[in-house]
Amino acid sequence: MAPPEGGKAHGTTGAGVAPIEAVNDFVIKFANVNGSGSASANELFAKAILRMGVPVSPRNIFPSNIQGLPTWYEVRVTEEGHLGRRGGTDMMVAMNPQTWDADLAELEPGGYLFYDSTRPLPPSKFRDDIRVIGMPLTEICNAVYQDPRQRQLFKNIVYVGALAILLGIEPEVVEKLFGEQYKGKEKLLASNVQALHLGCDFARENLEPLGLRVRRADRVGDRIFVDGNSAAALGCVYGGATVAAWYPITPSSSVAEAFQKYCTKFRVDPATGQQRFAIVQAEDELASIGMVVGAGWNGARAFTATSGPGISLMAEFIGLAYFAEIPVTIIDVQRGGPSTGMPTRTQQADILACAYASHGDTKHVLLFPEDPHECFEHAAAALDLADRLQTPVFLMTDLDIGMNQRLCAPFTWDDSKAYDRGKVMSAEELEAGRDFGRYKDVDGDGIPWRTLPGTHPSKGSYFTRGTTRDAYARYSERGPDYIYNMERLLKKFATAATLVPQPVLRPAAGKTELGVIYFGSTSPSMHEALQALEARGIHLDALRLRAFPFPDSVVQFLAQHRQVFVVEQNRDAQMRSLLVNELDIDPARLVRVLHFDGTPITARFIVQAISAHVRKTQAAGAAGTKEAA
Amino acid sequence: MTYLAKPRLHHPTLATNKVGYTRRDYEGKISTLCAGCGHDSISAAIIEACWELDIEPHRVAKLSGIGCSSKTPDYFLGASHGFNTVHGRMPSVLTGANLANRDLLYLGVSGDGDSASIGLGQFAHAMRRGVRMAYIVENNGVYGLTKGQFSATADQGSKSKKGLVNSDSPVDLVAMALQLGASYVGRGFSGNKAQLVPLIKGAISHGGAAFIDVISPCVAFNNHPGSTKSYDYVREHNEAVSRIDFISGREEITVDMGPGEVVDVRQHDGTLLRLRSLHPDYNPGDRYAAMAYMQRHQERGEVVTGLLYVDPLATDLHTALNTCDRPLNALGPAELCPGAEALARLNASLR
């Protein structure tokens, strides 16, 4: 197809800047309008590259809005397998006139701009250090499709077709993906393939290849491509959660929705059609955690999923569950705070709010998965830990892991695994005359035995309450009874440190006095940064925290290093505070590396922050001065 | 809250019910409420109702919020598990407990502060969700634990003990329960045990969300002239729409009655509610008529009591969710975990 009149592709890079040349290593960003149907096309684009054996790391970037406003999808193509966000954009697919200027400004010099050239734009709307590729998408679609919605939707598929040709993505791979997506829906399949070819044909006939190329590789392996919220929900299914109560909140809502989907798939009795699960969309976060507390008290595995504002509302119940010792699992998909903050942006800023949720002296178990694989594993582990410890357990994910598809190790499950239901005394044990004191530490690990309602006609019943009690659950305001319980809860917390997922150590190539602590979604950027720092001669032993309470290995790691960077995505260095507070460590030895603008932390940022600090320290050392952290 | 258990001395001739328990087996600890508190009469009515229904005490889960009323579950059914939750949030905890094990009977005890103020939302949503339970509000129009502040059910114009006049409109929990879809709605008076016991029996046996508002005078802070929740006021203004007998489905029905006065309501489990309508035109099967009737009388300052509305075929949240017959808390990995093979297929679909 020839370019229609007025749709002439714009020119080449000027001002002596060479176009970016890269194979399997670039960042392409799609600027779209919310509601235009671009999400599935963009995901298709990312998956096609993945199918060619080249790792990708895509991210949804969306302001808190509904239809008609801007949204972006960024794909990092990375043969090296760096799954963190890189920063900078090599190619912009600019489909949103509203954000044109900002999108254009974001391009790296020598980068590429792809746009809908149906309506001509004056030269002033372009930069002279980028290469511009115009394609009359609207005109092409208007010529082929009559239905207004089809004209809109297929525009996205047409540009995927054109990009495939421009970047060297095999159209057959995209067609195969369509085949899987529209299995049994032949009409949809045919129309999508048609749109794809419209794009391919136009690009072949009218556009020149770019300096950016995708080339087949074999770097994906058996990894899967999935978002953390779905993975956490699946972990809850495998971990045996039967009751879920939730209240919609970004970015956690898709956890409950995925749980519903998987339960419908796996937990409906084929003979009766009855469900082996109960999901309630509650009236608010107070009710959702209340239901989880009630279900946990009554012996079902139960969870809720929420975000920071939900945690605030749940705090009173979390304190009750802590003190009354009731298993509760809470998935906190963190977003930008405080208050409403940045609801659709990512942060790791609920650490202290969750670690010490509620009034009085409380401490809670937190798990920090690094990717969807660990979201799955840790969700199942959280249900076990909550039952074992009879306490709230938080799965601390964030928007970056939760709502973005991430390449990760496949899920695994050992069928011989039994659920750890913890210390639940049966009717037989009660009948056999075992002493039952609901809050009595009979095993020396701080964890008491419990009974479930309805267990025995005359033995084992007790009254659960948030007020203080003695070891036999009898109401008591006696100081020694209170202290017994509070100290036993601390002992239980120490037991928790031995049961939670242990930290992962990545030693530096050589001996070093410098360490770095990181956790959660920071992981891929940190791994990339460690390589880059190593290349600059900065060697760091790295410890990835996977849980609070901190196991002994964290204490040892801190003792072995003169200075330890703590990398986190919040303003107030919350993990550093937790380390200082819980381990009684000299704050001067812990150096803050903080990123909190709402975007995922990048390797570039970490490298810059750490190397600047190291240079400063070295300079100060050379000058004979003492450096303070 | 007391830690004193009642002495376990049984009179040898105490009658036992069909499951072999005496009334004493349905008691709890010694009450620490003020002498004459209406709440203690309600506890006694619950004990009587459970004994008469032949319920095994340990098959009841009793949950409450915070407040004088919410302390009472400690004073009955000592062999049951109890849960004194947080202020106003009993309904959600009970909902979760009910989802976990549908085989137990759920008794929710709350107060007017607990349910009509801080917990109004949770009350409303538990009713509209149809959680199977007997939800009893011990309503005295006043905050007793914090010494005499008005609650949201205090009538406009009624006086506090200190002489303050309440300027706010009252929340009528019965009207709300009717409007929200509760399928068994009644109002009782703690001073009328003969009416209250069958009302509670009917609620416990009901198949959906059963709500009973019990006017329960607070002798310490709200039993004075000027209060509309005092013993004297309620006795003088009680307008009973029905007298109710509760008849177990297993028994032959031999209640004396005159034609035209009695409505028999057979519930889903076979039990029978025999309503003696004290007003020939009152129909307890009409939700909207009940609302209008009650509000008309309320305008005259009358307290309508009795079983106001019942849908005998009501179902509950488990029916709506189509949950399996076995309690969810009894399911193990075999029923819950899809297994490694299914996971391998899932992995394959994610590549």
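Note that this is a predicted model, so its numbers are computed, not measured.

About the cut-offs
Residues numbered from 1 in each chain as written. Chains lettered and ligands numbered in written order. Predicted model: local features only at pLDDT ≥ 70, side-chain atom pairs only at ≥ 80, totals over all residues. Heavy atoms only, no water. Helix = DSSP H or I, 4+ residues; strand = E, 2+ residues; numbered from the N terminus. Rg over C-alpha atoms; globule rule 2.2 N^0.38 Å. Buried < 20%, exposed > 50% of the residue type's maximum accessible area, 1.4 Å probe, protein only. Contact = heavy atoms within 4.5 Å. Lys, Arg positive; Asp, Glu negative; His and termini not counted. Charge placed at Lys NZ, Arg CZ, Asp CG, Glu CD. Areas by Shrake-Rupley, 256 points an atom, 1.4 Å probe, with all protein chains shown as cover. Pairing = 2+ DSSP bridges. Axes fitted to C-alpha atoms, helices over the stretch in contact; angles between N-to-C directions. Buried area = accessible area lost by both parts, 1.4 Å probe. Salt bridge = Lys/Arg side-chain N within 4 Å of Asp/Glu carboxyl O. Polar contact = N/O pair within 3.5 Å; in protein donor to acceptor, adjacent residues only side chain to side chain. Phe/Tyr/Trp six-rings, centres within 6.5 Å; stacked < 30°, edge-to-face > 60°. Core = buried A, V, L, I, M, F, W, Y, C linked by side-chain atoms within 4.5 Å.

K.L.:
Provide a residue-level description of the overall build of chain B, including the pertinent values.
P.N.:
When its secondary structure is counted, chain B shows twelve helices and 13 strands. Here the C-alpha radius of gyration of chain B, 21 Å, is about what a compact globule of 351 residues would show, namely 20 Å. In terms of its C-alpha atoms, chain B occupies a principal-axis envelope of roughly 75 × 50 × 50 Å. Within chain B, the fraction of its 351 residues that count as buried is 59%. Expressed as a percentage of contacts within chain B between residues at least 6 apart in sequence, the contacts between residues at least 24 apart total 71%. For chain B, the separation between the mean place of its 34 positive charges and that of its 35 negative charges on side chains is 6 Å.

K.L.:
So what's going on with the overall build of chain A? Which residues, and what values?
P.N.:
Check the secondary structure of chain A and you find 19 helices and 23 strands. For 629 residues, the compact-globule formula gives about 25 Å, and the C-alpha radius of gyration of chain A, at 27 Å, lands near that figure. With the C-alpha coordinates aligned to their principal axes, the bounding extent of chain A is approximately 90 × 80 × 40 Å. Scored against the burial criterion, the 629 residues of chain A give a buried share of 61%. With the model as given, the accessible surface of chain A reaches about 23,100 Å², and the carbon-plus-sulfur share is 52%.

K.L.:
Kindly report on the sheet that holds strand β3 (residues 105-111) of chain B, identifying the contributing residues and their values.
P.N.:
Pairing is mixed across the open sheet formed by nine strands, whose spatial order is β17(A)-β2(B)-β1(B)-β3(B)-β4(B)-β8(B)-β7(B)-β13(B)-β9(B). At either margin of the open sheet sits one strand with a lone partner, and together these are β17 (463-465) of chain A together with β9 (238-240) of chain B. On average, each strand axis in the sheet is inclined to that of its neighbour by 20 degrees, with strand direction left out of account. Pairing of strand β7 (residues 184-189) of chain B with strand β8 (residues 209-215) of chain B, which is carried by six bridges, proceeds in the parallel orientation. Its bridge partner being in β8 of chain B, Tyr184 of chain B is matched across the sheet by Ala210 of chain B.

K.L.:
Give me the interface of chain A and chain B: which residues, what numbers.
P.N.:
On the chain B side, the residues contacting the 66 residues of chain A number 59 residues. For the pair chain A and chain B, the summed buried area comes to about 5,300 Å², and 63% of that belongs to carbon and sulfur atoms. When the buried area of chain A at its contact with chain B is split by residue, Glu283, Trp297 and Phe463 of chain A rank highest and sum to 12% of it. At the boundary of chain A with chain B, the tally comes to three salt bridges. The shortest N-O distance in the salt bridge between Glu283 of chain A and Arg129 of chain B comes to 2.8 Å. Where chain A packs against chain B, one counts 26 residue pairs in polar contact (both at pLDDT 80 or more). Contributions of two or more residues to the side of chain A that touches chain B are made by α1 (38-51), β9 (224-227), α7 (228-238), α8 (253-266), β11 (278-281), α9 (285-297), α10 (308-324) and β17 of chain A.

K.L.:
So what about the packing of aromatic side chains? Which residues, and what values?
P.N.:
All names here are of chain A. In this structure the tally under the stated criterion is 25 aromatic pairs over all chains. Relative to Phe126, the ring of Trp100 lies with its centre 5.7 Å away and its plane at 85 degrees, an arrangement referred to as edge-to-face. On the criterion of sequence distance, the pair formed by Trp100 in helix α2 (residues 100-106) and Phe126 in the loop between β6 (107-116) and β7 (131-135) is long-range, its members being 26 residues apart. Trp100 sits in the buried class, given a relative accessible area of 7%. Taken together, a centroid distance of 4.8 Å and an interplanar angle of 85 degrees make the contact between Phe259 and Phe303 edge-to-face. You can see Phe259 sitting in helix α8 and its partner Phe303 sitting in strand β12 (residues 302-306), a full 44 residues away along the chain. Accessibility classification places Phe259 together with Phe303 in one group, the buried group. Every member of this aromatic cluster is reached through a ring pair, and the members are Phe30, Phe45, Tyr73 and Tyr159.

K.L.:
Tell me about the pairing of strand β16 (residues 405-408) of chain A, and name the residues and values.
P.N.:
All names here are of chain A. Burial along β16 is two-sided: the residues Gln405 and Leu407 and Arg406 and Cys408 are all buried. In this structure, β9 lies alongside β16, joined through four bridges in antiparallel fashion. Paired with Val226 across the bridge in β16 is Arg406.

K.L.:
Lay out the pairing of strand β4 (residues 70-78) of chain A with the relevant residues and their values.
P.N.:
Residue and element names in this part refer to chain A. Summarising burial for β4: nine of the nine residues are buried, a large majority. Burial of the side chains of β4 extends over both faces: Pro70, Trp72, Glu74, Arg76 and Thr78 are buried on one face and Thr71, Tyr73, Val75 and Val77 on the other. Here strand β2 (residues 25-33) runs beside β4; their pairing, made up of nine bridges, is antiparallel. By the bridge assignment, Asp25 is partnered in β4 with Thr78. Two strands pair when backbone bridges link them, and strand β3 (residues 56-61) and β4 are joined in this way by six bridges, in the antiparallel orientation.

K.L.:
Please provide a residue-by-residue account of the pattern of salt bridges, values included.
P.N.:
Residue and element names in this part refer to chain A. In the structure shown here, the tally under the stated rule is 50 salt bridges over all chains. For Glu180, the salt bridge identified is with Arg51, shortest N-O distance 2.7 Å. Of this pair, Glu180 sits in helix α5 (residues 171-181) while Arg51 is found in helix α1, placing the two residues 129 residues apart along the sequence. Here Glu180 falls in the partly exposed class, since its relative accessible area comes to 40%. Here Arg478 and Asp481 are joined by a salt bridge, their closest N and O atoms 3.2 Å apart. Residues joined by salt bridges that share partners form a network here, namely Arg301, Asp384, Asp387, Lys417, Arg421 and Arg450.

K.L.:
Go over the environment of Thr412 of chain A with me, naming the residues and quoting the values.
P.N.:
Within the secondary structure layout, Thr412 of chain A lies in the loop between β16 and α14 (427-431). Along the backbone, Thr412 of chain A and Phe376 of chain A are 36 residues apart, and their C-alpha atoms lie at a distance of 9.1 Å.

K.L.:
How would you sum up the nonpolar core? Please name residues and give values.
P.N.:
Judged by nonpolar contacts, the single largest core of 152 residues is most densely connected at Phe259 and Met575 of chain A together with Phe211 of chain B. In terms of residue count, helix α12 (residues 372-389) of chain A provides more of this core than any other element does, nine residues in total. Residues Tyr112, Leu167, Ile169 and Val173 of chain A belong to the second largest nonpolar core, which totals 61 residues.

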